Amino acid sequence: MASNVRIVDVAEVPNRPSSPKVALNILLSLVTGLGLGVGLAFFFEYLDKSVKTPEEILQVGGIPAIGVVPAMRPDGAGLRVIRTDGGEPARGPLVELISHEDPKSKISEAFREVRTALLVSQAGGPPKTILITSACPGEGKTAIAINLAITLAQIGRRVLLVDADLRRPRIHRIFQIGNGHGLSTCLSASDLLWPEPLKSPIQRLDLIPSGPMPPNPADLLDSDRFARVQTEFLEQGYDHIIYDSPPVLPVADPVIMAARVDAVALVVLAGVTSRDALAHVVRRLQQVKARAVGAILNRADLSSQSYYYGYSYKRYYGDDDKPEAPPAASPEPRRDRTVRA
Ligand SMILES: Nc1ncnc2c1ncn2[C@@H]1O[C@H](COP(=O)(O)OP(=O)(O)OP(=O)(O)O)[C@@H](O)[C@H]1O
Ligand SMILES: [Mg+2]
């Protein structure tokens, strides 16, 4: 039977598959992935309301950044080693005492920069009474107050460090001194007892611990007695009185004190303190006409901002990985004297 089917062209086996188009797919997924990644990065940046740079401090709070303190890494200085053989636990320098125990470290250098900025922060001369505070708990107020006091003592100033955090005091623990008598007992005593400064292991640095926790810290600090105690401190010839304090947002104490000191320095925990919190704190300080001289960006990750600050942390003093042996501590802190008004 005759057929009308004929071969027009012979089918050829293709030498490569028509699908999938690998090169095109790779290109498309690269472009899509990159676009999504960049988009997500902007989205997260938009969601992140924390303060991370000195520029943001100025922009949000309207006050200058007077220092950037790097985070002390747990794998470096400060690592605590727990001994299992029952011996004394070995420890490196504490961040709170780093300016004394390892003055050549980068972090100590940062504290010296804060000191310099504070000393020149006001036209009328260096502030005598300085309050260190922050918006929220755990942002580094105590660590910065202690290091600032140490660095001021290191340049020959007589410094009194007062633990005015009557709610969660920590200075007595760091210096391992008694806390039976301090600011609170002096403020609540029926007659004005001079709070007896204790000698610290650091030359020219004296301490007033918080004393036992009172039932009404804000009322105590609001009293005329605080003003009289402060006058007493100044009459003792201290060049600077540094107050550690509780955070501003949960309690009223720091705002009350802020109105009575020459300078207030705010601590901002890099990447954690929110812009709203910083703006709110600055507003509260303005309401009492406190002199907020600036903010210290604490625990900053310098590696991510090296283009800003790298120059500050060069090793000026040679090898700073080997901490110097700290000067021997005085055996017993001693009470100086008791004064009655
Ligand atoms: N730059 C830093 N690098 C590493 N750790 C730090 C740094 N600054 C502070 N810390 C640590 O953070 C913790 C909180 O610091 P600190 O007690 O000084 O904060 P605070 O604001 O005084 O807290 P509180 O509101 O409870 O009084 C402490 O364990 C301290 O050792
Ligand atoms: Mg504290």
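Anything mentioned here points back to the structure above.
Cut-off values and rules
Numbering of residues begins from 1 in every chain and follows the order in which that chain's sequence is written. Ligands are numbered from 1 and chains lettered from A, in the order in which they are written. Predicted model: local features are reported for residues with pLDDT of at least 70 only, side-chain atom pairs are reported and counted for 80 or more only, and whole-chain, interface and lining totals are derived from all residues. Based on all heavy atoms of the structure, the side-chain values leave hydrogens and waters out of the count. Note on geometry: axes are lines fitted to C-alpha atoms, helical ones only across the stretch in contact, with angles between N-to-C directions running from 0 to 180 degrees. Secondary structure elements follow DSSP: runs of H or I no shorter than four residues count as helices, runs of E no shorter than two count as strands, and numbering proceeds from the N terminus. Here roughly perpendicular refers to angles of 65 to 115 degrees, roughly parallel to angles under 35, roughly antiparallel to angles over 145, and oblique to all remaining angles. The contact criterion used is simple: two residues touch if any of their non-hydrogen atoms lie within 4.5 Å. In this classification, Asp, Glu, Lys and Arg are treated as charged, Ala, Val, Leu, Ile, Met, Phe, Trp, Tyr, Cys and Pro as nonpolar, and every other residue, Gly included, as polar. Should DSSP find at least two bridges between two strands, the strands are taken to pair. The near set for a molecule or strand comprises every residue that places at least one heavy atom within 4 Å of it. A 3.5 Å cut-off defines polar contacts: any pair of N or O atoms within that distance qualifies, except that in protein one atom must be a possible hydrogen donor and the other a possible acceptor, and neighbouring residues in sequence count only when both atoms are side-chain atoms. Surface exposure here means Shrake-Rupley accessible area, sampled with a 1.4 Å probe, where a residue is shielded only by the protein chains that are shown. The length a helix should cover is 1.5 Å for every residue beyond the first. Relative accessibility decides the category of a residue: with a 1.4 Å probe and only protein chains considered, values under 20% of the type maximum give buried, values over 50% give exposed, and everything between is partly exposed. Of all possible arcs, the one meant is that of the directions from the helix axis to the C-beta atoms. By nonpolar core we mean a set of buried residues, namely Ala, Val, Leu, Ile, Met, Phe, Trp, Tyr and Cys, connected to one another through side-chain atoms within 4.5 Å.

Where helix α4 (residues 106–119) contacts helix α5 (residues 141–154), the axes come no closer than 9 Å and their chain directions differ by 75 degrees. On the basis of the axis angle, α4 is roughly perpendicular to α5. Between α4 and α5, the residues in contact are Phe111, Arg112, Val114, Arg115, Leu118 and Leu119 and Ala143, Ile144, Asn147, Leu148, Thr151 and Leu152, respectively. The class makeup of the residues in the contact of α4 with α5 is eight nonpolar, two polar and two charged.

Pairing is mixed in the open sheet, where eight strands are placed in the order β1-β10-β9-β4-β8-β5-β7-β6. At either end of the open sheet lies a strand with only one pairing partner, and these are β1 (65–70) and β6 (198–199). In this structure, strand β5 (residues 159–163) lies alongside strand β7 (residues 205–208), joined through four bridges in parallel fashion. Bridging from a neighbouring strand, Val162 pairs with Ile208 of β7. Sheet strands touched by helix α11 (residues 275–287): β9 (263–269) and β10 (292–300). Its angle to β9, the strand with the most contacts, is close to 170 degrees.

Further remarks concern the site of ligand 1. Around ligand 1, a shell composed of 19 residues is seen, among which Met72, Glu96, Lys141, Thr142 and Arg170 lie nearest. A distance of 3.4 Å separates an oxygen atom of ligand 1 from a polar atom in the side chain of Asp165. With respect to ligand 1, the side chain of Arg168 contributes an N or O atom lying 3.3 Å from an oxygen atom. For ligand 1, the accessible surface in isolation is 630 Å², of which the surrounding protein chains cover 83%. Broken down by element, the residue count for the shell around ligand 1 peaks at three residues, all from α5. Classifying every residue of the shell around ligand 1 by side-chain character gives eight nonpolar, four polar and seven charged.

Before going further, it helps to examine helix α9 (residues 224–235). With twelve residues, α9 extends 17 Å from end C-alpha to end C-alpha; this agrees with the ideal 16 Å at 1.5 Å per step. Along α9, the residues classified as buried are Arg225, Phe226, Val229, Gln230, Glu232 and Phe233. Viewed along the axis of α9, the buried residues span an arc of 155 degrees, placing them on a single side of the element. Exposed residues lying more than 90 degrees from the buried face of α9 are Asp224 and Glu235. Looking at the residues trailing α9, positive phi occurs at Gly237, about 85 degrees.

Of all hydrophobic cores here, the largest spans 44 residues; its most connected members are Ile57, Val162, Leu183, Leu221, Phe233, Tyr243 and Leu266. Element by element, the count of residues in this core is highest for α11, at five residues. The residues touching Tyr243, leaving out its near neighbours within four places in the chain, are Thr129, Ile130, Leu131, Ile132, Val162, Ala164, Phe226, Gln230, Phe233 and Val261. With 37 residues, the next largest nonpolar core counts Ile132, Phe175, Ile202 and Leu207 among its residues.

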